[in-house]
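For reference, the chains in residue letters:
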Amino acid sequence: MLSNLFKKRSLEVLAPINGEIIPLGEVPDPVFSQKMMGEGVAIIPTNGSVHAPVEGEIVLISDTKHAIGIRTTDGSEILIHIGLETVSLGGKGFTVLVSAGDKVSTGQVLIEVDWEYIRENAKNIVTPIIVTNSADKDIQCHYSKSGIQDKTILMTISAK
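Residues numbered from 1 in each chain as written. Predicted model: local features only at pLDDT ≥ 70, side-chain atom pairs only at ≥ 80, totals over all residues. Heavy atoms only, no water.

Peer 1: Explanation requested: a nonpolar patch on the surface in the structure shown.
Peer 2: The grouping of Val31, Met36 and Met37 at the surface amounts to a nonpolar patch, some 250 Å² of accessible area in total. Within the element layout of this structure, Met37 appears in the loop between α2 (30-33) and β3 (39-47). (Patch = residues over 30% accessible without salt bridge, like charges linked within 9 Å, V, L, I, M, F, W, Y side chains within 5 Å. Areas by Shrake-Rupley, 256 points an atom, 1.4 Å probe, with all protein chains shown as cover. Salt bridge = Lys/Arg side-chain N within 4 Å of Asp/Glu carboxyl O. Helix = DSSP H or I, 4+ residues; strand = E, 2+ residues; numbered from the N terminus.)

Next up, the structure:
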């Protein structure tokens, strides 16, 4: 029983969208594939809105609505980057439903995405989910052919 008190606590990061989970190394963009922004995984989306993969506070919403950041209570910083080179879309195809400073619950809808528009107008729809402060964390990535939004565990994060 006492050993449970000293066990590392971990945070589970759930799939924010439905799709195939792939390693960052397979993302066709060196910023992500070479993990310049941090450790994580990526999803090739099939459908659906982007949901909060963790409970926390919204700390970033890009002006072009293609990326959102969440800080968890343990200090983990999660970035969801929707598609590649989607900054060039100027926000078109994205409807953000939260604001910076909002507290969000796991599974809460954050951004509605017009996937058809993104497929037709962006370089790629692959969506990296990154722990931007991963140097401070022990991260275990989990891969499965089919990730289910709000159910499939993408990563387990614990303190080093």
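From this point, the discussion proceeds with the structure in view.
Peer 1: Please explain the pairing of strand β13 (residues 153-159) as it appears in this structure.
Peer 2: For a regular strand, the rule is simple: side chains alternate between the two faces of the sheet. Across the 7 residues of β13, 5 count as buried, placing the element largely inside the fold. Across 5 bridges, strand β1 (residues 10-14) lies against β13 in antiparallel orientation. Its bridge partner lying in β13, Leu14 is registered against Ile153. Of the pairings in the sheet, the one linking strand β12 (residues 137-141) to β13 comprises 5 bridges and is antiparallel in character. In the strand pairing of β13, Ile139 is matched with Ile157. (Buried < 20%, exposed > 50% of the residue type's maximum accessible area, 1.4 Å probe, protein only. Pairing = 2+ DSSP bridges.)

Peer 1: What exactly am I supposed to notice about the nonpolar core here?
Peer 2: Grouped burial of nonpolar side chains is what soluble globular proteins tend to show. Ranked by size, the top nonpolar core spans 34 residues in total, and within it Leu110 and Ile118 carry the most contacts. Among the nonpolar cores identified, the runner-up in size contains 10 residues, and Ile22, Val27, Leu79 and Val126 belong to it. (Core = buried A, V, L, I, M, F, W, Y, C linked by side-chain atoms within 4.5 Å.)

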